[in-house]
Amino acid sequence: MNSNQKPLDFAEIDLSALADEENSSFRELKIPERSAQPEEEKLPFVQALSKEKRFVEQAKAMAERTGEQTAFVPFMSYWPTYEQMNESQRSWYFYWRTEVRNGRFPYTDLSYIFVCLYELIHGVGWESPRQGYEQMMNLWNAYGNRYPKLNDYMAEWVSDFVLVHQLGVPLIGLIERSGAARSGELFDLELGRMLAEDAASMTLEQILTLSDYDVRRSKFYADGGRERMEEYAPQVIALVHSFLQKTTGKGLVDTFYKGTGKKIERYLFRSGVYDAETYGRTFSLRVPELRKCPPLRYYVTQLLRCTENKLRELTGFKGRLRGVTLKSETEALIQRFLEREFAAKKSAVPSISIDPQKLAMLQKDSEDVRSMLTIEDWEGPAYEYGRNEEEGTLVPQPDYGRQEDTVYVEDLKEYGQKESGQRVSEEPACEERCVAWDTSALDEEWTSFAERLGQAHLEALHALKSRSLCSGLDQVAEKYGTMPALLLDEINSAAMETIGDLVIDGEAIADDYIDYFEGLRKTNTGNNSDRKNDP
């Protein structure tokens, strides 16, 4: 049945008469007028501490508190502080913190770890900032694998701690442990530092963030070239950076990045219990936006493509990448470097090491066996049985020319020393004339280069300078028990570390540097300080 069609009935009730009777008595009452307004009540002013300030005050008050061994009590809180703990949880926390300060890291919940980190951030538990940094790293290393969520927090907090205390610790190692931090401003800051100071330490993955070409997608990389690209790409970047510094006075960043960087205010210790009055709310940084610099990205792309082409050529891999537009001198520099590296690896002889303990045991066993085979009471001549051709019988024959093998053990010792890389004698003495290098007219870098060279290297350079490659260099290598290729590679390695370029091209001194070796002369003594004798 439809309710809308049901009839409605109404009733009227008059209540005014009843209300008038009840309220008639109240209408006759009058409210007296107030002569003055009442005074407002004033509350005493109380300075309320924030949650962060209360934590800092409590942490300082309990900084030296230790705990006795007790049972583990679970604890989980989104903003963990002492106030969120009950008595049994606080007892466990101070016992656990005592263990951590003594270098022991028992199992505990993540919230306890956060409370300890908040203490270290606010200067509780250490005397110098370096100690605070080390304690934070110890906690990270001990519990990072168990609690992967901890890695993202620690990468940010430890980096902030390093920045505010100016510890000078490279941040790239911290950033790499957190996937989230790799895309932030700290990663850009570290890219600029590594390119300017230590490009050879960069990984291929880090270099690819500055490149428009991803070598990981190339056929060469997938078919066995991965290891070579990961090894040589950072070295090529460092080589070209050093080359630019020597020729133009500017490195990679200064050459291609013309900006001054982006100034940012980094919020400190985000997502943690942190009192901003400790170090401030933010920390000012000027970050170079290298990953957004087209000229730098283009040049790094060209370096990677050129490096891959040269490696393809040296390994016999078919096909070459097109569009490499580097200068000829830069390509030649990369070519010479990679050829030298490959030649050094081919000529390297695997080292054989001899265990001294096993060698002594072998010596003792040899002496025991020889003593058992020796008849001390027999004083007659030693006989060997020979065949009498006339009678067809065996007859004893004295062996007057036989000598006891008394030098076996000594030879074994000498062999062990040679094979283990230990020289039986020192470097050959300068019986006639040694080679010295007068660097008084050269700059500091060339002087440093000369100081790194040994007598074998100086004699090899003198042989190259004298154009006696076929005989002189081989004689020097034979004299010092090495190979010509190894000597040349060691010289070029020292040159790269000091002057930033290769001084030997192929099997001759590079034409650009031949004049620097005018002071290379033979002397009557092996002392490099004697520079007066004729060449």
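Let us look at the structure shown here. Predicted model, so just to flag it, every value in this text is computed and none were measured. (Residues numbered from 1 in each chain as written. Predicted model: local features only at pLDDT ≥ 70, side-chain atom pairs only at ≥ 80, totals over all residues. Heavy atoms only, no water.)

### Quick word on empty space enclosed by the protein
- Counting across every chain of the model gives one cavity of 30 Å³ or more.
- Lining of the largest cavity is provided by Arg97, Val100, Arg101, Cys116, Glu119, Leu120, Val124, Gln135 and Leu139.
- Within the residue set of the lining of the largest cavity, elements represented by two or more residues are α3 (87-101), α4 (110-121) and α5 (129-143).
- The residue inventory of the lining of the largest cavity, partitioned by class, reads five nonpolar, one polar and three charged. (1 Å grid on protein atoms, 1.4 Å probe; cavity = no way out; pocket = protein on both sides within 12 Å on 5 of 7 lines; lining within 4 Å. Points joined across faces, edges and corners; volume = space filled by probe spheres on them. Helix = DSSP H or I, 4+ residues; strand = E, 2+ residues; numbered from the N terminus. Nonpolar A, V, L, I, M, F, W, Y, C, P; charged D, E, K, R; others polar.)

### A few points about the environment of Glu119
- With respect to the helices and strands, Glu119 occurs in helix α4.
- A residue is classified by how much of its surface remains accessible, and Glu119, at 2% relative accessible area, is buried.
- Here the alpha-carbon distance between Glu119 and Val56, two residues 63 residues apart in the chain, equals 7.5 Å.
- If sequence neighbours within four positions are ignored, Glu119 has contacts with Phe55, Ala59, Tyr82, Tyr93, Arg97, Arg101 and Val124.
- Looking at Glu119, its side chain comes within polar contact range of the side chain of Arg97, at 3.0 Å. (Buried < 20%, exposed > 50% of the residue type's maximum accessible area, 1.4 Å probe, protein only. Contact = heavy atoms within 4.5 Å. Polar contact = N/O pair within 3.5 Å; in protein donor to acceptor, adjacent residues only side chain to side chain.)

### Thoughts on the packing of α5 against helix α6 (residues 149-165)
- With their axes 11 Å apart at the nearest point, α5 and α6 run at an angle of 170° to one another. One finds that α5 runs roughly antiparallel with respect to α6. When α5 is examined against α6, the residues Pro129, Gly132, Tyr133, Met136, Met137, Trp140 and Tyr143 are found in contact with a partner set consisting of Leu150, Asn151, Met154, Ala155, Trp157, Val158, Phe161, Val162 and His165.
- Of the residues contributing to the contact of α5 with α6, the split by class is 13 nonpolar, three polar and no charged. (Axes fitted to C-alpha atoms, helices over the stretch in contact; angles between N-to-C directions. Parallel < 35°, antiparallel > 145°, perpendicular 65-115°, else oblique.)

### What to know about the nonpolar core
- If you look at the biggest cluster of nonpolar residues, it comprises 102 residues, and the most contacted ones within it are Tyr93, Trp96, Leu117, Met136, Leu150, Val158 and Leu195.
- Once residues within four sequence positions are removed from consideration, Leu150 is found in contact with Leu110, Ile113, Phe114, Leu117, Tyr143 and Gly144.
- The next biggest cluster of nonpolar side chains, apart from the first, holds 29 residues, and it includes Ala450, Leu464, Leu473 and Val476. (Core = buried A, V, L, I, M, F, W, Y, C linked by side-chain atoms within 4.5 Å.)

### Section: the packing of helix α17 (residues 455-465) against helix α19 (residues 484-498)
- Across the interface, α17 lies against α19 with an axial gap of 10 Å and an inter-helix angle of 100°. With respect to α19, the element α17 is oriented roughly perpendicular. Contacts from Ala456, His457, Ala460, Leu461 and Leu464 in α17 reach Leu487, Leu488, Glu490 and Ile491 in α19.
- Class assignment of the residues belonging to the contact of α17 with α19 gives a composition of seven nonpolar, one polar and one charged.

### Here we look at the environment of Glu185
- Mapped onto the elements, Glu185 comes out in helix α8 (residues 185-197).
- Under the relative-accessibility criterion, Glu185 is labelled partly exposed at 23%.
- Remark: the alpha-carbon pair of Glu185 and Lys262, spanning 77 residues in sequence, is separated by 9.5 Å.
- Filtering out sequence-adjacent residues up to four positions away, Glu185 remains in contact with Ile264, Arg266, Arg270 and Val287.

### Describing unusual backbone geometry
- Phi is positive for Gln166, close to 50°, though the residue is something other than glycine.
- Within the secondary structure layout, Gln166 lies in the loop between α6 and α7 (172-175).
- Overall, Gln166 belongs to the exposed group, its relative accessible area being 69%.
- Of note, the phi angle at Phe269 is positive, near 50°, even though the residue is not glycine.
- Assignment of secondary structure puts Phe269 in the loop between β1 (262-267) and β2 (282-287).
- On the basis of relative accessible area, Phe269 is assigned to the buried category, the value being 2%.

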